[in-house]
Amino acid sequence: MTRIRAAITGVGGYVPEYRLTNDEISRMVDTSDEWIMTRIGIKERRILKEDGKATSDMGAEAVKQLLIKTNTDPSEIDMIICGVVTPDMLFPATANIIADKTNIRNAFGFDLNAGCSSFLYAITTASKFVESGSHKKVIVVGADKMSSIVDYQDRATCPIFGDGAAAVLLEPTSEDIGIVDSIVQSDGAGRIYLHQKAGGSLKPPTFETIANREHYVYQEGQPVFKWAVSKMADVSVEIMKRNNLTSESLDWLVPHQANMRIIDATANRMGLDKDKVMINIQRFGNTTSATLPLCLWDWESQLRKGDNIILAAFGAGFTWGAIYLKWAYDGKLLNGMARKPEVSKIHTEL
Ligand SMILES: CC(C)(COP(=O)(O)OP(=O)(O)OC[C@H]1O[C@@H](n2cnc3c(N)ncnc32)[C@H](O)[C@@H]1OP(=O)(O)O)[C@@H](O)C(=O)NCCC(=O)NCCS
């Protein structure tokens, strides 16, 4: 029997235009460019400022670009999963709203919230449907408008987060490419260190919850930092070992962009040189569900068919994981945005 894998066959992305710089943050709270660069490594982050615009608007822009780049008609999409912690509304799912805005009808669609690991969880989930043969064109979106839940009076959290979205298309392939292996884990005991206190069924919104600023990100930075360093590195090293990958044979690490020091620690444990690590934290900050696909979007033109890539993330929950995949196409773009024709071939054959 032919083994089917799920391959990423295109990437679309979107970041808002407004750049929130460290200098501007230093005028809001008691901090400095020097502190933020040394402790976190972020220079600026994008913020979705327009009234009435939400996570789904960024997700829809990313999906529209993805459909154009992959020459896909919305009617062909049979599944859409949105990794998100800042949905437009508690219900319906942001995936449904994105689908509506991009004219994707009748697709199996839902949101998946695993904190900053949402995209990694979503792509692992989606790959199983593709591998089973039940779904053939699956979009996975990672999108978050973190500025909607960040307290710009809290200097310990407000420099960290930014807004953005990116999306990938997953399709079946029988070639030796695509998603090979994944490790995804969680430990709910970590929830006390990183959460949003009010707005859910435990503490519905009241005047008091608003006065107490309980609708914002609550984070105890040090335990989150320690868990993130150990868990992200542990699973990345484990997935390398069990797939016989070495620091030489691995082409790229795509780490969650939460803190430069966490990225460095993970790369060091894997024995990787920095030039193999995708890092755009200085430009976008931590866009939560969007960090991994935004890296793929940024680096797409440098990627080559067969490249060995590990994606790794850590987030609220706690959740964490790593995925090993072999990249499916040469990133050199044809006609500006079109995908190379040989990529189209891999799924029409199945
Ligand atoms: C948030 C984080 C950058 C804070 O860095 P840290 O080195 O742990 O700093 P601490 O929380 O120990 O605070 C050290 C001091 O810096 C201060 N500080 C915190 N934020 C500051 C800021 N923006 N500017 C200046 N000082 C700041 C604290 O008030 C504290 O001061 P004190 O010693 O007088 O009490 C770091 O803990 C971190 O990155 N954690 C992980 C966060 C993360 O990745 N979250 C997403 C997970 S997916």
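Because the structure is a prediction, the values reported are computed rather than measured. (Residues numbered from 1 in each chain as written. Predicted model: local features only at pLDDT ≥ 70, side-chain atom pairs only at ≥ 80, totals over all residues. Heavy atoms only, no water.)

Right, let's talk about the site of the ligand for a bit. As a matter of local geometry, the ligand sits amid 24 residues, with T31, R39, R155, Q222 and N259 nearest to it. Note that a nitrogen atom of the ligand is positioned 2.8 Å from one of the backbone N or O atoms of R155. At 2.4 Å from an oxygen atom of the ligand is found a side-chain nitrogen or oxygen belonging to Q222. Those elements that place two or more of their residues in the shell around the ligand are α2 (33-39), α7 (221-242), α8 (260-270) and β12 (308-315). (Near = heavy atom within 4 Å. Polar contact = N/O pair within 3.5 Å; in protein donor to acceptor, adjacent residues only side chain to side chain. Helix = DSSP H or I, 4+ residues; strand = E, 2+ residues; numbered from the N terminus.)

All right, on to the pairing of β12 then. For β12, the buried fraction is high: eight of the eight residues fall into the buried class. The alternating pattern of β12 places N308, I310, A312 and F314 and I309, L311, A313 and G315 on opposite faces, both of which are buried. Pairing geometry for strand β11 (residues 252-255) and β12, over four bridges, is parallel. Paired with V254 across the strands is L311, a residue of β12. Bridging between β12 and strand β13 (residues 319-326) involves eight bridges; their strand directions are antiparallel. For I309, the partnering residue across the bridge sits in β13 and is L325. (Buried < 20%, exposed > 50% of the residue type's maximum accessible area, 1.4 Å probe, protein only. Pairing = 2+ DSSP bridges.)

Our next topic: the pattern of salt bridges. For the coordinates displayed, the defined rule picks out 20 salt bridges. Between K101 and D57 there is a salt bridge, with the nearest N and O atoms lying 3.0 Å from each other. Of this pair, K101 sits in helix α4 (residues 94-101) while D57 sits in helix α3 (residues 55-69), and the two are 44 residues apart along the sequence. Residues K203 and E214 are paired through a salt bridge, measuring 2.9 Å at the closest nitrogen-oxygen approach. Taken together, the residues span a long stretch of sequence, with K203 in the loop between β9 (194-196) and α6 (207-211) and E214 in the loop between α6 and β10 (217-219) at a distance of 11 residues. By sharing partners, the salt bridges in this structure join R5, D176 and K326 into a single network. (Salt bridge = Lys/Arg side-chain N within 4 Å of Asp/Glu carboxyl O.)

Along its 22 residues, α7 runs 32 Å from first to last C-alpha, staying within 8% of the 32 Å computed at 1.5 Å per residue. V224, A228, M232, A233, V235, S236, V237, I239 and M240 are the residues of α7 that are buried. Immediately beyond the C-terminal end of α7, within one or two residues, lies N244, with a positive phi of roughly 55°. (Expected span 1.5 Å × (residues − 1).)

The next subject is the state of the cysteines. Tallied over the entire structure, the rule returns zero disulfides. C82 forms no disulfide, and the closest cysteine sulfur to it belongs to C116, at a distance of 14 Å. The buried category is assigned to C82, whose relative accessible area is 0%. (Disulfide = S-S within 2.5 Å.)

Of all residues in the chain, 95% attain a pLDDT of 70 or more, and the chain-wide mean is 94. For residues 334-338, every residue scores under 50 in pLDDT, and the model assigns this stretch eight contacts once sequence neighbours within four places are set aside. Note on residues 340-350: pLDDT under 50 across the span, and 22 contacts to partners over four residues away in sequence or across chains. (pLDDT = per-residue confidence, 0-100. Contact = heavy atoms within 4.5 Å.)

This brings us to unusual backbone geometry. Residue P92 is bonded to the preceding F91 through a cis peptide linkage, with omega at 0°. When you line up the elements, P92 lands in the loop between β4 (79-83) and α4. Each neighbour pair has its own omega, and for G317 with F318 the value is -10°, a cis peptide bond. In this fold, F318 is placed in the loop between β12 and β13. Within the chain, T288 stands out as a residue other than glycine whose phi angle is a positive 55°. With respect to the helices, strands and loops of the structure, T288 is situated in the loop between α9 (281-284) and α10 (291-299).

What follows is about the sheet that holds β13. One open sheet accounts for four strands, arranged β8-β13-β12-β11; its pairing is mixed. Unpaired on one side and paired on the other, β8 (178-186) and β11 mark the two borders of the sheet. Averaged over all pairs of adjacent strands, the angle between strand axes in this sheet comes to 15°, irrespective of strand direction. Helix-sheet contacts for helix α5 (residues 118-132) involve β8, β12 and β13, and the interaxial angle to β8 is about 130°. (Axes fitted to C-alpha atoms, helices over the stretch in contact; angles between N-to-C directions.)

What follows covers the side chain of T31. As for its placement among the helices and strands, T31 is situated in the loop between α1 (22-28) and α2. Residue T31 is classed as buried on the basis of its relative accessible area of 17%. If near-sequence neighbours (up to four positions away) are discounted, T31 is found in contact with I25, S26 and I36.

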